[in-house]
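This is what each chain is made of:
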Amino acid sequence: MTEKRIYNFSAGPSMMPLPVLEQAAAEMTNYRNSGMSVMELSHRSKLFEEILFKAEDDLRTLMNVPNNYKILFLQGGASLQFSMVPLNLFRASRKADYIITGSWAKKAAQEATRFGEVNILASSEDSVFTYIPDVDPAKYSKDADYFYITYNNTIYGTRYTSIPNTGYVPLVSDLSSMFLSEEIDITKFGVVFAGAQKNVGPAGVTIVIIRDDLIGFAAPSTPVLLDYKTHADNDSLYNTPPCFAIYMAGLTFQWVKQQGGVAALQKINEAKANLLYQAIDDSPLFRCPVAKRDRSLMNVVFVTGDDVLDKEFIAGAKERGLSNLGGHRTVGGMRASIYNAMPVEGVQALVDYMKEFEKNHSK
Ligand SMILES: *Cc1c(COP(=O)(O)O)cnc(C)c1O
């Protein structure tokens, strides 16, 4: 079974650690002598509660989440957070600052305009989001209810390397494509969220980490399932949670711990990214359009500048078991998503193929 595994560079759903998949397979039909699959367990059962609370506990340890933050396991994807954030955080001025670093940020800002006033502080759309704009802190709205950034821009291959200091204004960030890939100081944020299918597990669960003092201010007309308070008060068990996806996320957290935690994975992720960016920067054929300072550790975007050649490269890669290297449908070119589960051997195999391709296509 395992020898047929390939290196999957998909942006999401994406590669998961093999030991996690193998453990899930071993436990698939009979979880801990219950005679049932995790998928068949009541979400009110002791066995499932143990899965949920252990996942929460492990994540709290991995990210150093203090006790005045709640960890919630929700549904609706990262995209539902584009609505839940404004629905819950607009409470005084009903204004928020957004920085537009890609289409996910744009969608989030667009959605927020339905509920309040959105102030776009900066955008890098004029150069196809190839950099993270610097914004003068004097431009931040002092009375904003929150300040929003997308930490890692999955489609364009950029990331924040230093986060805005927003003072008393809660900083909100979409961490979907960088969750647990590098150390972050959670106390700098009011709310962070991530869809699981990039770095944590299967699609279906969205993790929200929110500071206590931001919970409980949704307007009375807010649907009960879209109020963070509903989920915080009920330990993510107000209604049936995405049980199996939470179980898989929990196995991934245990795997991250076994790797030495987030700091250890960050080192590996930096080594993987350096290997690939170096190969691109040294190449006579490939180039990376992203500003050096802002390059993502997780999503590496590169092009030859010739669409036909790009397609040939992607097809040849697939034949070698290096799959899903096509760039996002809106930008083209190549994108290698090298999340936590991608081993350095996978990146090395890609670099080797790039060198071979270069040789065969030297001008
Ligand atoms: C994938 C992605 C999303 C969308 O996630 P869904 O779970 O499909 O809603 C949002 N933001 C970022 C940064 C992403 O990478």
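Residues numbered from 1 in each chain as written. Predicted model: local features only at pLDDT ≥ 70, side-chain atom pairs only at ≥ 80, totals over all residues. Heavy atoms only, no water.

### Notes on the pairing of strand E4 (residues 117-123)
Here is step 1: Relative to E4, strand E3 (residues 95-100) runs parallel, the two being bridged by 6 bridges. When the sheet's bridge partners are listed, aspartate 97 is paired in E4 with asparagine 119.
Here is step 2: As for the winding sense of the linkage, the β-α-β connection from E3 through helix H4 (residues 103-112) to E4 is right-handed. (Pairing = 2+ DSSP bridges. Helix = DSSP H or I, 4+ residues; strand = E, 2+ residues; numbered from the N terminus. Right-handed = clockwise from strand over helix to strand, strands pointing away.)

### Topic: the environment of alanine 108
Here is step 1: Along the polypeptide, alanine 108 turns up in helix H4.
Here is step 2: Look at alanine 108 and you get buried, because its relative accessible area is 0%.
Here is step 3: The spacing of alanine 108 and valine 85 is 23 residues in sequence and 9.1 Å in space, taken between C-alpha atoms. (Buried < 20%, exposed > 50% of the residue type's maximum accessible area, 1.4 Å probe, protein only.)

### Considering the packing of helix H7 (residues 262-281) against helix H9 (residues 344-360)
Here is step 1: The geometry of H7 relative to H9 is characterised by a closest axis approach of 9 Å and an angle of 5° between their N-to-C directions. Considering their axes alone, H7 and H9 lie roughly parallel with respect to each other. Where H7 abuts H9, its residues Lys272, Leu275, Leu276, Ala279 and Ile280 lie against Val344, Val347, Gln348, Leu350, Val351, Met354, Lys355 and Glu358. (Axes fitted to C-alpha atoms, helices over the stretch in contact; angles between N-to-C directions. Parallel < 35°, antiparallel > 145°, perpendicular 65-115°, else oblique. Contact = heavy atoms within 4.5 Å.)

### Re the sheet that holds E4
Here is step 1: Strand order across the open sheet formed by 7 strands is E2-E10-E9-E8-E5-E3-E4, with mixed pairing between neighbours. The open sheet has two edge strands, strand E2 (69-74) and E4, and neither has a second partner. If you compare each strand with its neighbour and ignore which way they point, the axes differ by 15° on average.
Here is step 2: Pairing analysis gives 3 bridges linking strand E8 (residues 171-174) to strand E9 (residues 191-195), with the strands arranged parallel. Its bridge partner lying in E9, serine 173 is registered against valine 192.
Here is step 3: Here helix H2 (residues 46-62) sits on the sheet in contact with E2 and strand E10 (206-211), set at roughly 130° to E2.

### Comments concerning the nonpolar core
Here is step 1: Counting residues in hydrophobic clusters, the biggest one holds 90 residues, and the most contacted among them are Phe179, Ile209, Phe253 and Leu276.
Here is step 2: A domain-level breakdown of this core finds at least three residues from each of domain 1 (20-258) and domain 2 (261-360).
Here is step 3: If near-sequence neighbours (up to four positions away) are discounted, phenylalanine 253 is found in contact with Ala55, Asp58, Leu59, Leu62, Phe73, Leu180, Val200 and Ile207.
Here is step 4: Among the nonpolar cores identified, the runner-up in size contains 32 residues, and Phe82, Ala112, Val208 and Ala232 belong to it. (Core = buried A, V, L, I, M, F, W, Y, C linked by side-chain atoms within 4.5 Å. Domains from an automatic or database assignment.)

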